[in-house]
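Architecture at a glance
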Amino acid sequence: MTLENVLKGTHQYYKSADFLSTDFFNKRIPLVIDGISNADIAAIRDRLSDSYGNVEVTCVAGDRAYLKTVEELDADDAPERIIIEGCPVTECKRFDFSDFVQIMRRLRAKDGCEWDRAQTHESIRINLIEEAYELVEAIDYKDAAMMREECGDVLMQAVFHTEIAGENGEFTYGDMLTELCRKLIDRHTHIFGANHASNAEEALVFWNEAKKKEKKYSSTSDAMNRVPKNLPALLYAEKVQKLARKVGFDWSNPEDAIDKVREELEELKLSDDAHRVEEAGDLLFAAVNVARLYGIESEMALREAGGKFLRRFTRVEKLVSDSGKQMSDYSLDELDKFWEQVKSEENNNKQ
């Protein structure tokens, strides 16, 4: 493709510095980068590699035009101008957010995917929860490849809802991104405003103060009422307790909170059928208080405990099977001996 042919049609034209400072550009149509210097070429090469991959580009130097791959661009032979042809989304080697939106719109088009077209906010709401927990699991495993995939899946749910909202006339990508960016600016008053934070705790205080002003909370109970009711129960309890702590309604140390757990346990033991559920809830709520004061996330702690129980139970079941019997053939005390054996094995493996 010659420069003349590009300039006759639809194209994007950037001076070198402008190209390096722009966040998004349309890869569907030709791109022209002009006024390139030796000092810019490395940054341009990296930007093109991230956006397009190692594709072939047309380089122009004076009256000479020649082809090179992106990775072959270097300061020893920097062209004055680079031209890249438009690339259909199905042929892209690298993708960005604009590609993502285009793919989603294609799937939701009248002749798109029947399943994607049939979805509503309500029909896919549970997917976001599931994908969020899968991302949390990837983080717990410290698995970067798994995190990369699950971050994409969480983002897909947000884009899916935004695409549906745009079709329904509720809000657009621009509306969503504007609100997000405005929130980040307004709540980071120690970065974009006059406040100064010397540590993470002070930064969080400024964030919460800005949030309270933005949300127009009239009281602490008002803030509590706005905590999502469909959060996991342990996480919901922890968030409510943290709000109470901000106004001094909290235990001063974990030991006092532990005494409350003992009190709630006794009340559960003495409760009748009509009040047993209520007392069990009070016990769990008190236990969350203890964990929180120790700096422990109750939701993650219980999830880990459940996983540990499953791991140990699976091993006990294997030991019982190896003995030639079934679990029902053993008493609880006998099964507990298997359990202690498994615990001992795990502790020895940790040493």
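Here's a quick rundown of the structure. Quick caveat, the model's predicted, so the values are computed rather than measured.

**Some points on the overall build of the chain**
Regarding its fold elements, the chain presents 16 helices and five strands. Taken against the 2.2 N^0.38 rule, which gives 20 Å for 351 residues, the C-alpha radius of gyration of the chain at 29 Å runs more than 25% over that of a compact globule. Overall, the chain is about 90 × 65 × 45 Å in size when its C-alpha atoms are taken along their principal axes. Buried residues in the chain amount to 30% of all 351 residues. When the accessible area of the chain is evaluated, it comes to approximately 22700 Å², of which 55% is carbon and sulfur surface.

**Things to note about unusual backbone geometry**
The phi angle at Lys142 is positive, at roughly 55°, despite the residue not being glycine. Relative to the assigned elements, Lys142 resides in the loop between helix H6 (125-141) and helix H7 (144-168). Residue class for Lys142 comes out exposed when judged on its relative accessible area of 73%. At Lys216, a residue that is not glycine, the phi angle is positive and equals roughly 60°. Note on placement: Lys216 falls in the loop between helix H10 (200-215) and helix H11 (220-225).

**Observations concerning a nonpolar patch on the surface**
Among the surface-exposed residues, Phe95, Ile103 and Leu107 lie close enough to one another that they form a single nonpolar patch of about 250 Å² accessible area. Considering the arrangement of structural elements, one finds Leu107 in helix H4 (residues 97-108). Of the residues examined, Leu107 reaches a relative accessible area of 30% and is grouped as partly exposed.

**Some words on a negative patch on the surface**
A surface patch of like charges, here negative, comprises Glu130, Glu134, Glu137, Asp140, Glu149 and Glu304. Considering each element in turn, the negative patch owes the most residues, four residues, to H6. The topology assignment puts Glu137 in helix H6. Owing to a relative accessible area of 35%, Glu137 belongs among the partly exposed residues under this scheme.

**Comments concerning the pairing of strand S1 (residues 12-15)**
Burial of the side chains of S1 is restricted to one face: Gln12 and Tyr14 are buried, whereas none of Tyr13 and Lys15 on the reverse face is. Bridge analysis of S1 against strand S2 (residues 31-34) gives four bridges, and the strand direction is parallel. Directly across from Gln12, in S2, lies its bridge partner Leu31. Read as a crossover between parallel neighbours, the route from S1 over helix H2 (residues 16-21) to S2 is right-handed.

**Quick look at the packing of helix H8 (residues 173-187) against H10**
Between H8 and H10, the least distance of the axes is 9 Å, while the angle of their chain directions is 125°. Classified by the angle their axes make, H8 and H10 are oblique. Across the interface between the two elements, Lys183, Asp186 and Arg187 of H8 pack against Phe206, Trp207, Ala210, Lys211, Glu214 and Lys215 of H10. In terms of residue class, the contact of H8 with H10 is made up of three nonpolar, no polar and six charged.

**Describing the packing of helix H13 (residues 254-270) against helix H14 (residues 276-293)**
Relative placement of two packed helices is described by the angle separating their axes and the distance separating the axes. Taken N-terminus to C-terminus, the directions of H13 and H14 make an angle of 165°; their axes are 9 Å apart at the nearest point. Regarding the angle of H13 to H14, the classification is roughly antiparallel. Classified by chirality, the crossing of H14 by H13 is left-handed. Between H13, through Pro254, Ala257, Ile258, Lys260, Val261, Glu264, Leu265, Glu267 and Leu268, and H14, the contact on the second element is made entirely by Arg276, Glu279, Ala280, Asp282, Leu283, Ala286, Ala287, Asn289, Val290 and Leu293. Residues of the contact of H13 with H14, tallied by class, amount to twelve nonpolar, one polar and six charged.

Here is what the cut-offs are and how they apply
- Residues numbered from 1 in each chain as written.
- Predicted model: local features only at pLDDT ≥ 70, side-chain atom pairs only at ≥ 80, totals over all residues.
- Heavy atoms only, no water.
- Helix = DSSP H or I, 4+ residues; strand = E, 2+ residues; numbered from the N terminus.
- Rg over C-alpha atoms; globule rule 2.2 N^0.38 Å.
- Buried < 20%, exposed > 50% of the residue type's maximum accessible area, 1.4 Å probe, protein only.
- Areas by Shrake-Rupley, 256 points an atom, 1.4 Å probe, with all protein chains shown as cover.
- Patch = residues over 30% accessible without salt bridge, like charges linked within 9 Å, V, L, I, M, F, W, Y side chains within 5 Å.
- Salt bridge = Lys/Arg side-chain N within 4 Å of Asp/Glu carboxyl O.
- Lys, Arg positive; Asp, Glu negative; His and termini not counted.
- Charge placed at Lys NZ, Arg CZ, Asp CG, Glu CD.
- Pairing = 2+ DSSP bridges.
- Right-handed = clockwise from strand over helix to strand, strands pointing away.
- Axes fitted to C-alpha atoms, helices over the stretch in contact; angles between N-to-C directions.
- Parallel < 35°, antiparallel > 145°, perpendicular 65-115°, else oblique.
- Contact = heavy atoms within 4.5 Å.
- Nonpolar A, V, L, I, M, F, W, Y, C, P; charged D, E, K, R; others polar.
- Left-handed = near helix turned anticlockwise from the far one by under 90°.

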